[in-house]
Each structure stands twice: as structure tokens, then as C-alpha cells.
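# Summary of the model geometry
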Protein chains: 2
Amino acid sequence: MTERGNIPRKIRGFRDIDADQNEIRRRIIEAATRVYRSYGFEQLDTPVLEYADALGKYMPDEDTVDKGVYSFRNPEEEPILAPDGSELRDKEGKVYMEFAPLALRYDLTAPLARAYAERLWQDYRRKQVMETNAPLYRRYQYGPVFRYEIKLLPGRFREFWQLDFDSVGTNDVAADAEACMILSDALEAIGLQRGTFRVKVNNRKVLKGFLFSIGIDTDDREGAVLRVIDKLDKIGWDDMRLELGPGREDTSGAAIAGLHLDSSIIDRIIGFLKLATGVSGRQNVLAELEKAIGTNELAREGLAELHKMNQLWDTLGFDEQRIVFDTTLMRGMAYYTGPVFEVESLLKYKDEKGRERNVGSICGGGRYDGLVEKLLGMKVPATGASIGVDRLAEVLRMAGEEEIKAEGPVLIAYFDDDLQPAYYRLARELRQEGIDVEVYCGLFKGFRKMKKQMAYADAKNCPAVILIGGDEAAKGVATVKNLRLGKEMAETTSDKQEWISKVQQEVPLADLAVHVKNMLA
Amino acid sequence: MTERGNIPRKIRGFRDIDADQNEIRRRIIEAATRVYRSYGFEQLDTPVLEYADALGKYMPDEDTVDKGVYSFRNPEEEPILAPDGSELRDKEGKVYMEFAPLALRYDLTAPLARAYAERLWQDYRRKQVMETNAPLYRRYQYGPVFRYEIKLLPGRFREFWQLDFDSVGTNDVAADAEACMILSDALEAIGLQRGTFRVKVNNRKVLKGFLFSIGIDTDDREGAVLRVIDKLDKIGWDDMRLELGPGREDTSGAAIAGLHLDSSIIDRIIGFLKLATGVSGRQNVLAELEKAIGTNELAREGLAELHKMNQLWDTLGFDEQRIVFDTTLMRGMAYYTGPVFEVESLLKYKDEKGRERNVGSICGGGRYDGLVEKLLGMKVPATGASIGVDRLAEVLRMAGEEEIKAEGPVLIAYFDDDLQPAYYRLARELRQEGIDVEVYCGLFKGFRKMKKQMAYADAKNCPAVILIGGDEAAKGVATVKNLRLGKEMAETTSDKQEWISKVQQEVPLADLAVHVKNMLA
């Protein structure tokens, strides 16, 4: 084989985030975490890398942690542990060792469950804590998560940021209702206009109970039906009907197996999903559900929860402009057990082919009362939600009138080796006045092209450039180029003289700090 | 084999960061990045996961990327690329495929080199950019890095945060001098007292040149000697002498091979390293070096660089209280080519055995003119430094009078199901006044133990708890417990009555917002 290259490149689906993108990310995280904290959530940070079995098998739309996750073996060999935490040994008492499977976290919920369970594990084994008094823990967390998406769709990434908040240790759906309000408050704080998004809410208990009442009474069949319903957004009613029935061919002609339900059952399912179509008013949707679910206990429990949530929203003035019920909402995650919510952006955008498209879902969440139990052994109900930071950044870019750019520093151009110490002294003086200042230090020892320095200032979105050559230094002045004004005038003025006179000014060094400050103000 | 358990646990050497630790981390990052930006550095974020070959083989004290790094195969099979970026093919034209080795980043410098090289790679191949006009790029970045430390020493972690700034595309040591000043400014901004730390500076060119002049004239021998010198802090002069000579036994009795240099050479090396011992004044250290290095060109170049850096520091008033020369300073990283710097904390702490220990190095950096070239093919000089965030957090904890704690929200206690909507309405009203408020929503539907709620508020460092039972609601008042004051008075007062009267007050709901605001002010 001929020589292999060492090409500088990123892994497919991974990105470098530049200053402007980081500025947007920073605004999103600051605004949202401010809101999260105002509701009493505290910050937790967990490792990027975890034991695969501690993350569990809860990938969205995946039953296994091997699929869709970056996983590898721990380079450190360790004892295999028994359920009681002791080392597993063979008959001769020899400890079984292994290089345990590790995984990059695929979300921030599984690590939260692990962290919560880890804190309580000893106490639970010592019977010092039980289900009735599991401690309440409300935390927020943000950071990168990783999904090995085998076929990488445009706009999808394998590393992306999530911004979660969760309440662990509460079975009170007031926490679910609050989560929906927090999402609404956070998105407004981030800068989304009210009315450009909706928090859609449903309760899996209602649908599960209904399905049970019409004979979908095993976990397997229920799971299969829920997975099909969850695809409704993508495939639409007709294809959903086919997948519940005989099956269908996708666009590529590949066969998609159907669930082969009786058409009467399919009619009832679709009828149930559509019962709120055209019905406005949360109260009225609940009334329709009331009629449809009959006596099934689980469904009635779910409906009562929706009633309680609705009451809180009414009390606090969260009307349908912000929160609506959606009887078709499923959410992919297998672990949701009750209320589920999703924020849909109502904005549209033009894709690369110029077709108008809906932005769609930008946040999601729900109640997961079984997740902690898988690790701790004791049931700890929990609920929470997640904002997709990168997705939301896209939405802000689409919604915003002018693009968000990170502002650069005032640049002191480099002319003269002998003046270099003076450049740095001046920079420090301006910095002490609260001005961000950079002395250009690019290549060309002893000679730096001005054209290049101006291009650097422009690319970096610098508001101004300060020029001091030998003559200026002798006169005790600096030439200040107001790049901000320059850009504005470039569009309004064609008069070169006027442009220069306004944009380029000679300022005594003594007045420089004040001059620049006023300019930036 | 009997059943294996699924124990909730973290990988050894990884941590959960709680609210208080995150508060410290947040302060460090905010203060330092503010300083970085004030010098003109912009934010970059790069993937946690990279192609191993793109990260290069620059682990501290390691020649290979396999050692000390978390590495695994890309689950996606991809074509192997030739040096020109084309796909490698066999004689039949079939593309060679592989599951390329990936690695978790072990620092933030290698990814910067990759990102910079990746942007320029095409242009460089098209001859549209060359060494003389490589673009200047000044960026800061922070986030987790990963080291698989086989033997994990106390206080060391396998995932920890770094906070870097670098100038790529400059051969001007003004950038190195500036980096030292930035470290000093940043650490003071973070809250370290001037005088409790020193920026130590050296130039590898000087030592390399000197070693060459006394016959250490191959890269291998030079590297071997530098690695021994770099251990000076840990092993001391005597053991260093042994390792340069016949070798030694470590405390465990294991043999450490020596370099078998002539004792006359060893004397000259140690003499050179000690030449600044007891010499105060940067100028005087430079004078001693001047005498010692003779005519070696590389050494003279390095000395001239130190002179220029010293001049800038003098001009800007960075005296020896902040920056000193240290002729023994090496820095582990193999890729440093010129000036190197390290910040040493002068604080001491007591270890678990009560022994007094030096905190030691908390930041480091230096010039690496060869790193980008390995990926780009074209030489791009660069320099920068890194703050160890977690290490620094430890220092702040040791230096601080009272510990840094994250403040919790005002807690509205849960008494009465019927009042729950009122609790949430009140919380929202207070929130709109800028107060962080949480309504307790822990378990025990319909009955929540007050003792548990108070413990929750205490653990969460809540400044106050608001209690509203049926009687209060009827009277239109709330009982406000001032936990902050309560903690203070608990130390000063023994009078229970006085304590209660001061700490616990009944407030009309109408005045509640104002009352709480004043209390928090």
C-alpha cells in the first residue's frame, strides 16, 4: 500500500464551533440557566464517558445501547461486580475480571439517573432510604452528547449540546406542569417571540389505557403500536394506517412490515388520535378524552393528571398561546411513563432546494418513573425536559433580523518595531478603561502589511483600528479608524472624502481612551 | 458465573461536579475568559472526539498517542486517504477501507492545531497561502480533556477541565511575553492575591543550545537529557545527577537506567541549571546566561528572545513579584520549541496525613512552532498557555476564608393540597420581582413532612423558607424563616426566644416581595 496521509479533519458529523456560533450558544445557555435557577434547579456536571451498563438501554428509538452509541472497552481491567456490589468470584475464589464496555453519553438524563442512584445506593442497601422518602433533587445540566447516527441526515450531528432540567423524587404532576411553563419561560428569555412556538402536551397513560381497553394488552404489542404512532409526523396518517395493518413499501421500495391489526382496531386507534382534531380549548380536549377512554383505570389516572396540570396553567395564566394538548404526541424515548411534552417551533425556513419547511420540534421532555429504578432497585419518580441547544441556535439565526456576531477587540495596528512596547503599553491603558484591545502580532517580523491587518480586523468584527506610525508618535497622536461607522456609511455614502473624514480621525493620545469609549458606547 | 450486577457508578478517575463546585468553576471561567477576550482572543469549541492521527503524538511525557489516551475504532468504515487527500487504492483501483482510530482529546492544543490546519489545508495545497503570510488566529477554549492515567495518584483525574488561549501564526515573542502577563492578569481576576503565585519563564533554545555546545548534539540524547531535567521538581538534584549518570533505584527498589554521561558533562549541566540560584533580578539572570552560553547561535537566539520579553514586562510594570526567570524550567510537553512558562502557586496545604505540601504548578504554556506543520505541511509558529481549572478550583478552596457555595432559591414549603395553586402563583409573582423561588414538590402526595422540607432547604443553601398553612392563608399572611440570619445567630445567640423572634417573621402577603427582597439584599 502506498503512503497514507495524515489529513487535518474532523470526524463526520462533528463540528468546530466558531466565535459567532459560540456567542449564540452562550446567550442560549445564560438565558435558559437563569430561568432554570429561578425555579430552584442547581447545576450538576457529569462525565462525558460512563460505564455503558450504567447508561442503560434507553437510546431514542433504540432498544440497545450498542446501536447508535459510541462505545468501547475500558483500557483498565476491573473486577466484575455482583448485584450487591461485591466482586464476582469463581469456585476457587478467583475474581472475574473484564475490560468493561464504556460509552459516550447519548443524553443527560441517563447520567442524572446514574448520579442520583449512585448517591443513594449504599443507603438503600442499608435500608436507610425507601420509596416513600426518596430525596427530591432538582438539577440542570448542559453539555455535549453523542449519537452515532449511521445515516447522517443534513442538519443532524453526532455531537450536539443539550440543556436539561429535571426533578427527581416527585410523583406530583405539578412538577410536569411546571416543566412546561419553564420551557415556555426559558424560550422567551432566550429571545423567541411568544406565539412562534407551542408547548404540546399529552399523557402516555391515557393512550396506553385506551389501547389496553381495545385489546392491545401486552407490552410488546403496545410498544409496537406506540412506535408506529410516534412516526406520525414523518409518515402521515395513511402510511401510519398501513404500518398498523398490512405494512407498506417506503420510497426506496423497501418493505416495512405491518402490525396486521384488524381494521376495526386501527379505526378506533386513529379515531382516538384524531378526537381532538379541530377541537380548540384545553378544557374541551379533556372533555373529548373523557368521553373516549371509558372506565380504564390507567387512562382515567392519566386524564386526572392532565386536569391537574391544566388547572395550574389556568391559575398562572398560561393559555393556549403557550401550552396546548396534543393527543397524537408520543415522544420517542422508551422510558417515558406519563405526561410527555414537546415544544414545536411554528417558524418555517427554506431548505437548500428552496422548499419551505417547518422547523418542528426544538425541545422535549416527560415523566420517567422507571429510569432510576433500573439502577437503584427502588422506584424514584422523575420528570424533566431538554432544550436542543444547536437546534435552537439555528432557529434564532432564522428568526433574527440581523445575524448574531461576536464583537472583536479594538485593534492596534503594528507599524514600527521601535514603537512595539508603546503599542502594548497603550493597549494596557485602554484595557484598564474597560476596552478590549489587541495589539496585532501576526507574522512578518519587522514588517506587517497594513492590508492584511485591516482584513484581520474586519474578519474579527473589530469596531475600530488604532494606527500609530513614526509621525503620529512624534506628534503624540493616533489615527482611529471607526470600522463600525465605516460599514454603515459604506452603504449610505458614496462620497469618499466624507467617508474618510468621518470614519478616520486623528486623536491626541491623551484623549484616546475617552474617544474610543464614546465611539463604542 | 453467578449473576452480574448493574451497579450505579462512575469510571475510576471521573467525577460528578455538584452545584458548589460548578459555582467555583463558573467564576474561574467567567473571570479568565473576560481577561482573554480583553486581549483579543475569540472563543473556539472543538469536538471531544477526534481522529487519533489528527491529534498527533504529543501526550505529555509520552511519545505515542496509544499510551495515556482513551482511544477506540470509529464504528464507521471509511476510505484511507493519501497525503494529497485522495482515496488510497490498490492496483485494481479498489479503495482501501478502515475503521480509523479515534481518541478523546487529551488537551486543547492539539485540536487547535487540527482546526487551524484544516481551515488552511486546501488553500495551502493550492499554493494560496504560504509560511510568510499564514493567518493570525487568537482563540480561547475551555472544556474537558481526558487522560488515561494508568496509576491514578490522589487528586489526579482522568477527566478534567482546561482553559486555554493561544496565538497561532506569530513568531514574535511579544506574544509569549503577553501570554505570561495574561496568565498573571487572569489569575488575579479569578481571585488569587498578587504574590501568592509566580509566572516562571525559561527558553528551551538556551538550554538546547548549551547542551549542543557541550556535545549533547543528537535529538535522541538531547531529548533524554531534557526528560531527566524535567523531573528535577520530583526527584531533586542528587537523583537527577544519578539519572544523568549511572542510574539509580527508586523507592520501590526498581532500577532506573541512567544516561551514563561523563561526570564532567553532568557537572556542566548542573552548573548551568544552577547558575541563577540565589541570583535575583531578571536582568541579572540574563547576564549570568550571557556568560554561560558562549557563541552557540541557538542559545544566543533564545537569550535575545528572553531579553525582548523582559523589556516588555519592564515597560508594562510586570516586576519580579509576578514574573521571574527559572533556568531549570523544562515543561513536559515534547512539542515546545522556545519560551516555556509555568505558574507556580506559593500556597501550601496539609495533605490527608497532615503533612504540609506545596500546591505547585497551576498553569503552563509555551511556544510550539512545529505542531501545526505536522498536519499542514507548512510551518506555522504558535504560542499559548493553559489554566488547569480543577486544580485552580482546589487552590481557591484552600486560599478562601469561607468556602464558596452556590446559593439556593427561596423555598415555599408545601403544607396543603388546596393551597398548591396559590403556592405556584406566589412563586411566579416573586420570580417576576427577580427572586429565585422554588415550590417544594417532593414525594408524599398530600402530606409532606416539614422536617424533610427544612433539611432540603438547608442542604440547598436556601436563604429563606416561606410557610403558608390554612391559618396563614385565611389571615392573608406568610411566615418567613430567614435561614441566612438563622445560621449567623445560631453561633452568636443562645436565647431561643430572641432567635425565633428575629429569624421567624409573619408578613402580610401584600408585603412579601418587598420583605424578601430586603432580606436578600
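Residues numbered from 1 in each chain as written. Chains lettered and ligands numbered in written order. Predicted model: local features only at pLDDT ≥ 70, side-chain atom pairs only at ≥ 80, totals over all residues. Heavy atoms only, no water.

### Some words on the overall build of chain A
How we decide: Here a helix means four or more residues in a row that DSSP labels H or I, a strand means two or more in a row labelled E, and each is numbered from the N terminus. Exposed residues in this analysis have more than 50% of their type's maximum accessible area, buried residues have under 20%, and partly exposed residues fall in between, with area computed by a 1.4 Å probe over protein chains only. Areas reported as accessible are Shrake-Rupley estimates using a 1.4 Å probe. Residue values count occlusion only from the protein chains shown. The charged-residue count follows a simple rule in which Lys and Arg add positive charge and Asp and Glu add negative charge, with His and chain termini not counted at all. Where a charge lies is defined by one atom per residue type: Lys uses NZ, Arg uses CZ, Asp uses CG and Glu uses CD.
From N to C terminus, chain A includes 18 helices and 20 strands. A principal-axis box enclosing the C-alpha atoms of chain A has dimensions of 90 × 70 × 55 Å. Relative to its full complement of 521 residues, chain A shows a buried share of 56%. Here chain A has roughly 22600 Å² of accessible surface; of this, 50% comes from carbon and sulfur atoms. Side-chain charges of chain A comprise 75 positive and 86 negative groups, with the mean position of each set lying 2 Å from the other.

### Points about the relation of the copies chain B and chain A
In plain terms, the rule: Superposition of the copies used a least-squares fit over C-alpha atoms from residues whose pLDDT is at least 70 in both. Pairs of residues are marked as contacts when any of their non-hydrogen atoms sit within 4.5 Å.
Relative to chain A, chain B is turned by 180 degrees and slid 0.0 Å along the rotation axis, the superposed coordinates differing by an RMSD of 0.1 Å. In symmetry terms, the pair is related by a two-fold rotation axis. Among all residues of chain B, the one whose C-alpha sits closest to the rotation axis is Phe72(B), at a distance of 3.1 Å. Comparing contact sets, 100% of the residues at the interface of chain B also lie at the interface in chain A, consistent with an isologous, same-surface contact.

### Describing the packing of helix α9 (residues 282–293) of chain A against helix α10 (residues 297–315) of chain A
Residues and elements named next belong to chain A. Counted only if it meets this: Lines fitted to C-alpha atoms define the axes here, with helix axes fitted over just the stretch in contact, and angles between the N-to-C directions of these axes take values from 0 to 180 degrees. An angle below 35 degrees is treated as roughly parallel, one above 145 as roughly antiparallel, one from 65 to 115 as roughly perpendicular, and anything else as oblique. When residues are sorted by character, Ala, Val, Leu, Ile, Met, Phe, Trp, Tyr, Cys and Pro go into the nonpolar class, Asp, Glu, Lys and Arg into the charged class, and all the rest, Gly among them, into the polar class.
Running from N to C, α9 and α10 point in directions that differ by 170 degrees, and their axes come no closer than 11 Å. In this view, α9 runs roughly antiparallel relative to α10, as classed from their interaxial angle. Contacts from Arg 282, Gln 283, Leu 286, Leu 289, Glu 290 and Ile 293 in α9 reach Ala 299, Arg 300, Leu 303, Leu 306, His 307, Asn 310, Trp 313 and Asp 314 in α10. Classifying every residue of the contact of α9 with α10 gives 7 nonpolar, 3 polar and 4 charged.

### Notes on the packing of helix α6 (residues 219–230) of chain A against helix α7 (residues 232–244) of chain A
Each pair of packed helices can be described by the angle between their axes along with the distance between the axes. Residues and elements named next belong to chain A. Where α6 meets α7, the closest approach of the two axes is 7 Å, and the angle between their N-to-C directions is 135 degrees. Viewed along their axes, α6 and α7 adopt a mutual orientation that is oblique. Note on element contacts: α7 touches α6 through Leu 232, Asp 233, Met 240, Glu 243 and Leu 244, opposite Val 225, Val 228, Ile 229 and Asp 230. Looking at the contact of α6 with α7, its residues break down into 6 nonpolar, no polar and 3 charged.

### Some words on the interface of chain B and chain A
So the rule is basically this: Put simply, buried area is the surface a 1.4 Å probe can reach on two separate parts but cannot reach once they are joined, added for both. Salt bridges, as used here, are contacts in which a Lys or Arg side-chain nitrogen is within 4 Å of a carboxyl oxygen on Asp or Glu. Polar contacts, as counted here, are pairs of nitrogen or oxygen atoms within 3.5 Å of one another; within protein the pair requires one atom able to donate a hydrogen and one able to accept it, and residues that are adjacent in sequence qualify only if both atoms are side-chain atoms.
Listed as interface residues are 111 residues of chain B and, on the opposing side, 111 residues of chain A. In this assembly, chain B packs against chain A so that about 10100 Å² is buried in total across both faces, 56% of it on carbon and sulfur atoms. It is Pro8(B), Arg9(B) and Leu443(B) in chain B that bury the most area against chain A; as a group they hold 8% of the surface buried on that side. Between chain B and chain A we count 18 salt bridges in total. One salt bridge in this structure joins Asp436(B) and Arg34(A), with 3.1 Å as the shortest N-O distance. At the junction of chain B and chain A, the tally comes to 45 residue pairs in polar contact (both at pLDDT 80 or more). Partitioning the side of chain B that touches chain A into residue classes produces 52 nonpolar, 20 polar and 39 charged.

### As for the pattern of salt bridges
Per the counting criterion, the structure on display carries 96 salt bridges over all chains. Where Asp45(A) meets Arg25(B), a salt bridge forms, and the shortest distance between an N and an O atom there is 3.1 Å. Taken together, the residues Asp45(A) in the loop between β1 (42–43) and β2 (49–51) and Arg25(B) in helix α1 (residues 19–38) connect one chain to another. A residue is classified by how much of its surface remains accessible, and Arg25(B), at 6% relative accessible area, is buried. We note a salt bridge from Glu188(A) to Arg194(A), for which the minimum N-O separation is 2.7 Å. The network of salt bridges with shared partners includes Lys10(A), Asp16(A), Glu50(B), Arg114(B) and Glu118(B).

### Some points on the side chain of Arg428(B)
If you trace the backbone, Arg428(B) turns up in helix α13 (residues 420–432). Apart from residues no more than four positions distant in its own chain, Arg428(B) is found in contact with Tyr39(A), Asp185(A), Leu316(A), Phe318(A) and Arg322(A).

### Things to note about the sheet that holds strand β12 (residues 323–325) of chain B
Rules: When DSSP finds at least two bridges between two strands, those strands are taken to pair.
Strand order across the open sheet formed by 8 strands is β1-β7-β8-β15-β14-β13-β9-β12 (chain B), with mixed pairing between neighbours. On the outer flanks of this sheet lie β1 (42–43) and β12 of chain B, each paired with one strand and no other.

### Re the packing of aromatic side chains
To keep things clear, this is the line we draw: By convention, a stacked pair of Phe, Tyr or Trp rings (six-membered ring in the case of Trp) has centres within 6.5 Å and planes under 30 degrees apart, an edge-to-face pair has planes over 60 apart, and any other such pair is tilted. Geometrically, a lysine NZ or arginine CZ counts as sitting over a ring once it is within 6 Å of the ring centre and also within 35 degrees of the ring normal.
Here the structure, examined in full by the defined rule, presents 27 aromatic pairs over all chains. Judged by centre distance (5.9 Å) and plane angle (65 degrees), the rings of Phe14(B) and Tyr70(B) are edge-to-face. Within this pair, whereas Phe14(B) is found in the segment before α1, its partner Tyr70(B) is found in the loop between α2 (52–55) and β3 (71–73), the two being separated by 56 residues in sequence. Assessed through its relative accessible area of 0%, Tyr70(B) is described here as buried. An angle of 50 degrees between the planes, with centres 5.8 Å apart, marks the rings of Trp313(B) and Phe325(B) as tilted. You can see Trp313(B) sitting in helix α10 (residues 297–316) and its partner Phe325(B) sitting in strand β12, a full 12 residues away along the chain. Here Trp313(B) falls in the buried class, since its relative accessible area comes to 0%. When its relative accessible area of 10% is taken as the criterion, Phe325(B) is described as buried. An aromatic cluster of at least three residues, connected via ring pairs, comprises Phe14(A), Tyr70(A), Phe146(A) and Tyr148(A). Between the NZ or CZ atom of Arg15(A) and the centre of the ring of Phe157(A), over which it lies, the distance is 3.6 Å.

### Topic: the environment of Gln432(A)
Note that Gln432(A) resides in helix α13 (residues 420–432). Taking the C-alpha atoms as reference points, Gln432(A) and Ala513(A), separated by 81 residues in sequence, lie 9.6 Å from one another.

### Digging into helix α1 (residues 19–38) of chain A
Stated formally: Expected span, for any helix, means 1.5 Å times one less than how many residues it has.
Between its first and last C-alpha atoms α1(A) spans 28 Å; for 20 residues at 1.5 Å apiece the expected length is 28 Å, and the two agree. Phi turns positive, to about 95 degrees, at Gly40(A), one or two residues after α1(A).

### Some remarks on the state of the cysteines
Throughout this description, disulfide means a covalent bond between two cysteine sulfur atoms. For the record, the criterion: Disulfide: a pair of cysteine sulfur atoms within 2.5 Å of each other.
Inspection of the entire model under this criterion finds 0 disulfides over all chains. Cysteine Cys441(B) remains unbridged, with the sulfur of Cys462(B) as its closest cysteine sulfur at 12 Å.

### As for helix α4 (residues 174–190) of chain A
All names here are of chain A. Here α4 spans 24 Å end to end across 17 residues, near enough to the 24 Å set by a 1.5 Å rise per residue. Of all the 17 residues making up α4, 15 are buried; the element is thus mostly covered by neighbouring parts of the structure. Phi turns positive one or two residues past the end of α4, at Gly 191, with a value near 125 degrees.

### Focus on the confidence of the model for chain A
Residue and element names in this part refer to chain A. What counts, and what does not: As a per-residue measure, pLDDT tells how confident the predictor is, with possible values from 0 to 100.
In this model, chain A carries an average pLDDT of 91, and 97% of its residues clear a pLDDT of 70 or more. Every residue in residues 60–65 scores below 50 in pLDDT, and together they form 14 contacts with partners more than four places removed in sequence or on other chains. Across the interfaces of the predicted complex, the ipTM metric reaches 0.92, alongside a pTM of 0.93.

### Let's talk about the pairing of strand β8 (residues 159–168) of chain B
All names here are of chain B. Taken across its 10 residues, β8 has 10 buried, putting it largely inside the fold. With 10 bridges joining them, strand β7 (residues 137–146) and β8 adopt antiparallel strand pairing. Opposite Tyr 137, over in β8, you have Val 168 as the bridge partner. Of the strand pairs in this sheet, β8 and strand β15 (residues 382–388) are connected by 7 bridges, and their pairing is antiparallel. Counterpart to Leu 163 in the pairing with β15 is Ile 387.

### Overview of the sheet that holds strand β3 (residues 71–73) of chain A
Residue and element names in this part refer to chain A. Ordered in space as β2-β6-β3, the 3 strands form an open sheet in which the pairing is antiparallel. The open sheet has two free edges, formed respectively by β2 and β3, since each of these has just one partner strand. The mean inter-strand angle of the sheet, taken between neighbouring strand axes irrespective of direction, is 35 degrees.

### Remarks on the side chain of Gln141(A)
Residues and elements named next belong to chain A. You can see Gln 141 is positioned in strand β7 (residues 137–146). A residue is classified by how much of its surface remains accessible, and Gln 141, at 0% relative accessible area, is buried. Polar side-chain contacts of Gln 141 include one of 3.0 Å to the side chain of Thr 46.

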